[in-house]
Amino acid sequence: MLRIDCPCCGVRDHSEFRYGGDATVERPAHDNPDLDSWYRYVYVRPNPKGLHREYWQHVLGCRQWLVVERDTVTHSIHSVSFSRRQRA
Amino acid sequence: MSRYSVFSLLRHAATGNRGWQRAWRVASPKASYDVVIIGGGGHGLATAFYLAENHGIRNVAVLEKGYIGGGNVGRNTTVIRSNYLLDGNTQFYEFSMKLWEGMSAALNFNVMFSQRGQLVTAHSADQLDTFSHRANIMRSNGIDAEILDRDAVRKLAPYLDFSDTARFPIQGAIFQGRAGTARHDAVAWGYARAASGHGVDIIEGCEVTDFLRQGDRIVGVETTRGRIGAGRVGLAVAGHTSVLAQKAGLELPIESHLLQAFVTEPVKPLVDHVVAYGADHFYLSQSDKGGLVFGGNLDGYNSYSQRGNTGVLREVCEAAIALMPNISRLRLLRHWGGIMDMTPDASPIISLTPVDGLYLNGGWCYGGFKATPASGWCFAEMLATAETPALIRGYGLGRFRSGHMIDEAGAGPFAWLQ
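Because the structure is predicted, anything quoted here is derived from the model rather than measured.

Caption draft 1: Main features of the overall build of chain B. Of regular secondary structure, chain B possesses 11 helices and 18 strands. Compactness check: chain B gives a C-alpha radius of gyration of 21 Å against a globular reference of 22 Å for 418 residues, within 12% of the reference. Oriented by its inertia axes, the alpha-carbon framework of chain B measures out at about 70 × 65 × 40 Å. When the 418 residues of chain B are sorted by exposure, 57% land in the buried category. In chain B, the share of contacts with a sequence separation of at least 24, taken over all contacts with a separation of at least 6, comes to 75%. Positive and negative side-chain charges of chain B, numbering 38 and 37 respectively, have mean locations separated by a distance of 8 Å.

Caption draft 2: Up close: the interface of chain A and chain B. Tallying the contact residues gives 25 residues for chain A and 28 residues for chain B. Counting the contacts that link chain A with chain B gives 3 salt bridges. Among the salt bridges present, the one from Arg401(B) reaches Asp36(A), with a minimum N-O distance of 2.1 Å. Seen at the junction of chain A and chain B, the total is 12 residue pairs in polar contact (both at pLDDT 80 or more).

Caption draft 3: Quick peek at the nonpolar core. Residue and element names in this part refer to chain B. Grouped together as the largest cluster of nonpolar side chains are 53 residues, with contacts concentrated most on Ile37, Phe92 and Tyr191. Secondary-structure elements contributing two or more residues to this core are strand 1 (32-38), helix 2 (42-55), strand 2 (60-63), helix 3 (89-101), helix 4 (103-107), helix 7 (184-197) and helix 10 (372-385). In this structure Phe92 touches Ile350, Trp364, Ala371, Ala374, Ser375, Cys378, Leu391, Ile392 and Tyr395, once residues within four positions along its chain are discounted. Grouped together as the second largest cluster of nonpolar side chains are 32 residues, Ala27, Ile203, Ala248 and Leu252 included.

Caption draft 4: Local environment of helix 1 (residues 6-14) of chain B. The backbone nitrogen of Phe7(B) has a side-chain oxygen 3.2 Å away, supplied by the residue at the start of helix 1 of chain B, namely Ser5(B). Just past helix 1 of chain B, the residue Gly16(B) takes up positive phi, approximately 75°.

Caption draft 5: Broad picture of the environment of Ile254(B). Its location among the elements puts Ile254(B) in the loop between helix 8 (241-247) and strand 12 (255-264). Sequence separation between Ile254(B) and Ala238(B) is 16 residues; the distance between their C-alpha atoms is 9.9 Å. When sequence neighbours within four positions are dropped, the list of residues in contact with Ile254(B) reads Tyr43(A), Arg45(A), Asn47(A), Thr241(B), Ser242(B), Asp341(B), Met342(B), Thr343(B), Ile349(B) and Gly363(B).

Caption draft 6: Main features of the sheet that holds strand 3 (residues 18-22) of chain A. Residues and elements named next belong to chain A. The 4 strands are arranged 3-4-5-6 in an open sheet whose pairing can be described as antiparallel. The outermost strands of the open sheet, each flanked by one partner alone, are strand 3 and strand 6 (77-82). On average, adjacent strands in this sheet sit at an angle of 25° to one another, irrespective of strand direction.

Caption draft 7: The packing of helix 3 of chain B against helix 10 of chain B, seen in detail. All names here are of chain B. Contact geometry of helix 3 with helix 10 gives a least axis separation of 7 Å together with a crossing angle of 105°. Relative to helix 10, the element helix 3 lies roughly perpendicular. Only Thr372, Pro373, Ala374, Ser375, Trp377 and Cys378 of helix 10 make contact with helix 3, whose side of the interface consists of Phe92, Phe95, Ser96, Leu99 and Trp100.

Caption draft 8: Region of the structure containing the packing of helix 2 of chain B against helix 10 of chain B. Residues and elements named next belong to chain B. It is the contact of helix 2 with helix 10, at a shortest axis distance of 7 Å, that shows an interaxial angle of 55°. As the angle between them shows, helix 2 and helix 10 are arranged oblique. Here helix 2 runs over helix 10; the crossing is right-handed. Here helix 2 contributes Gly42, His43, Ala46, Thr47, Tyr50, Leu51, Asn54 and His55 to the contact with helix 10, which in turn contributes Thr372, Pro373, Ser375, Gly376, Trp377, Phe379, Ala380, Glu381, Leu383 and Ala384. Along the lines of polarity and charge, the residues of the contact of helix 2 with helix 10 split into 9 nonpolar, 8 polar and 1 charged.

Caption draft 9: Here's a closer look at the pairing of strand 9 (residues 208-214) of chain B. Residues and elements named next belong to chain B. By the bridge criterion, 6 bridges tie strand 9 to strand 10 (residues 217-223) in an arrangement that is antiparallel. By the bridge assignment for strand 10, Val208 is matched with Thr223. Taking the residues between adjacent antiparallel strands as the criterion, strand 9 and strand 10 are bridged by 2 residues, where Gly215 takes a positive phi near 65°.

Caption draft 10: Inspection of the state of the cysteines at higher detail. What the rule picks out here adds up to 0 disulfides over all chains. Cysteine Cys8(A) shares no disulfide, and the gap to the nearest cysteine sulfur, in Cys62(A), comes to 4.2 Å.

Caption draft 11: Quick peek at helix 3 of chain B. If you check helix 3 of chain B, its first and last C-alpha atoms are 18 Å apart, about what 13 residues at 1.5 Å a residue would give, namely 18 Å. Inspection of helix 3 of chain B places Asn89(B), Thr90(B), Phe92(B), Tyr93(B), Glu94(B), Ser96(B), Met97(B), Leu99(B) and Trp100(B) among the buried residues, and these make up the whole buried set.

Caption draft 12: Representation of the packing of aromatic side chains in the model. All names here are of chain B. By the definition in use, this model includes 22 aromatic pairs over all chains. Aromatic pair Tyr84 and Tyr93: ring centres 4.0 Å apart, planes at 10°, arrangement stacked. Pair check on accessibility: Tyr84 and Tyr93 agree, each one buried. With a centroid separation of 5.4 Å and 80° between ring planes, the pair formed by Phe95 and Trp377 is classed as edge-to-face. Taken together, the residues Phe95 in helix 3 and Trp377 in helix 10 connect sequence positions 282 residues apart. Among the aromatic side chains, those forming a connected cluster through ring pairs are Phe49, Tyr50, Phe95, Tyr191 and Trp377. Lying over the aromatic face of Phe168, Arg167 brings its terminal NZ or CZ to 4.4 Å of the ring centre.

Analysis parameters
- Residues numbered from 1 in each chain as written.
- Chains lettered and ligands numbered in written order.
- Predicted model: local features only at pLDDT ≥ 70, side-chain atom pairs only at ≥ 80, totals over all residues.
- Heavy atoms only, no water.
- Helix = DSSP H or I, 4+ residues; strand = E, 2+ residues; numbered from the N terminus.
- Rg over C-alpha atoms; globule rule 2.2 N^0.38 Å.
- Buried < 20%, exposed > 50% of the residue type's maximum accessible area, 1.4 Å probe, protein only.
- Contact = heavy atoms within 4.5 Å.
- Lys, Arg positive; Asp, Glu negative; His and termini not counted.
- Charge placed at Lys NZ, Arg CZ, Asp CG, Glu CD.
- Salt bridge = Lys/Arg side-chain N within 4 Å of Asp/Glu carboxyl O.
- Polar contact = N/O pair within 3.5 Å; in protein donor to acceptor, adjacent residues only side chain to side chain.
- Core = buried A, V, L, I, M, F, W, Y, C linked by side-chain atoms within 4.5 Å.
- Pairing = 2+ DSSP bridges.
- Axes fitted to C-alpha atoms, helices over the stretch in contact; angles between N-to-C directions.
- Parallel < 35°, antiparallel > 145°, perpendicular 65-115°, else oblique.
- Left-handed = near helix turned anticlockwise from the far one by under 90°.
- Nonpolar A, V, L, I, M, F, W, Y, C, P; charged D, E, K, R; others polar.
- Disulfide = S-S within 2.5 Å.
- Expected span 1.5 Å × (residues − 1).
- Phe/Tyr/Trp six-rings, centres within 6.5 Å; stacked < 30°, edge-to-face > 60°.
- Lys NZ or Arg CZ within 6 Å of the ring centre and 35° of its normal.

Bear in mind that shape data such as this cannot, by itself, settle questions of function.
So this is what it looks like as structure tokens:
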């Protein structure tokens, strides 16, 4: 079981969280007519072997969206923060 | 390479079984090959075999970073079926099924293909309707499919939960009699042996670290055992496709996820078929040793770790017991994990790429094992002709951009996105 240190609730099993995928993907501007940007936003993922910035939502806790930096090989978690701070 | 037969068995038995040779040659890398296939899994080995067998291209190397049979070809739950609904999938997997039916003879290696039949349980009238739709599509493509009612399922599989307290009562099932299992290691070994017999070099312990370029064209690979030149490079490393594609400057619609498989302690014969649970994600068969081999969902987050998490273990066992309460006290012998390329539409990618000289075979989600022979057959044709065979036109990399996806998530594999 991964243990995620939620900045709101403390250390919890990952089964309390819902995975939200790659947090480095940027949504194109709403009026962007470039098909390629939308293709990359929807489908293309860097899929790194190593450190991965990803979203998790603490659905069975504070319901906050978090950005977790996790190693996809060792599963060690390097940082956890609220995603809204990153977005601001 | 000597042929395996009853007579060779008897001859070796009479001489104390001391004369058996290695199944495939130990090869050292040459300076260059017509075709280099990266990845010595089932798909890579099958590709090498069909390149030699169907196209006469024998100056071929298969580069495997670990050992033959150590990757996903030895980690799957060995289920083979061709019960696909969508055009492109239906024909491809049926072609694969036909190759399975002749595989042991074609390879002179017993892959223990056992057409024991697969049933997927239905738990509502609506689900049975969608299964009827699928069965009709299959039958119109010449594939065997039957719809069973509750009593017929009970006759086939009386060990499932038919009690009044079943959480999701079984209403029927879709059944494919030609589906079954094969011994996955034997598939790897059989293809390796047959390819090696055709002159293909199978090089184990050889990890590709980079690509060699001449202008924009890829002309070989840099490996832990030196540089190897190549006329064409085929990538068949599902699980790690993104890692290698990135070195070639290729961005892909793939995420790597972990899928676990499980086996219980051996018991006497109980499960005659392959059984999939229609109310949750769970499938099960019984191995020749007696262990119940089963699997379920992905672990659910990007992973390259090749080892499973206990959260999913519990979920899968819950599904197992909901379908078969009688196995609740069996002990789990082992569980293990493999890394899957998950694509957005749950269908594979066998494709020409924007990178000259590089050909891609990946994105198998977790349906790769059953596709092994057809994947090798088609990828070999692609590597031989530099064109896309008609059978796999739907599996091109361009389909995500154009919207022509084969999004058959209901057939099994799905990433968390799907």
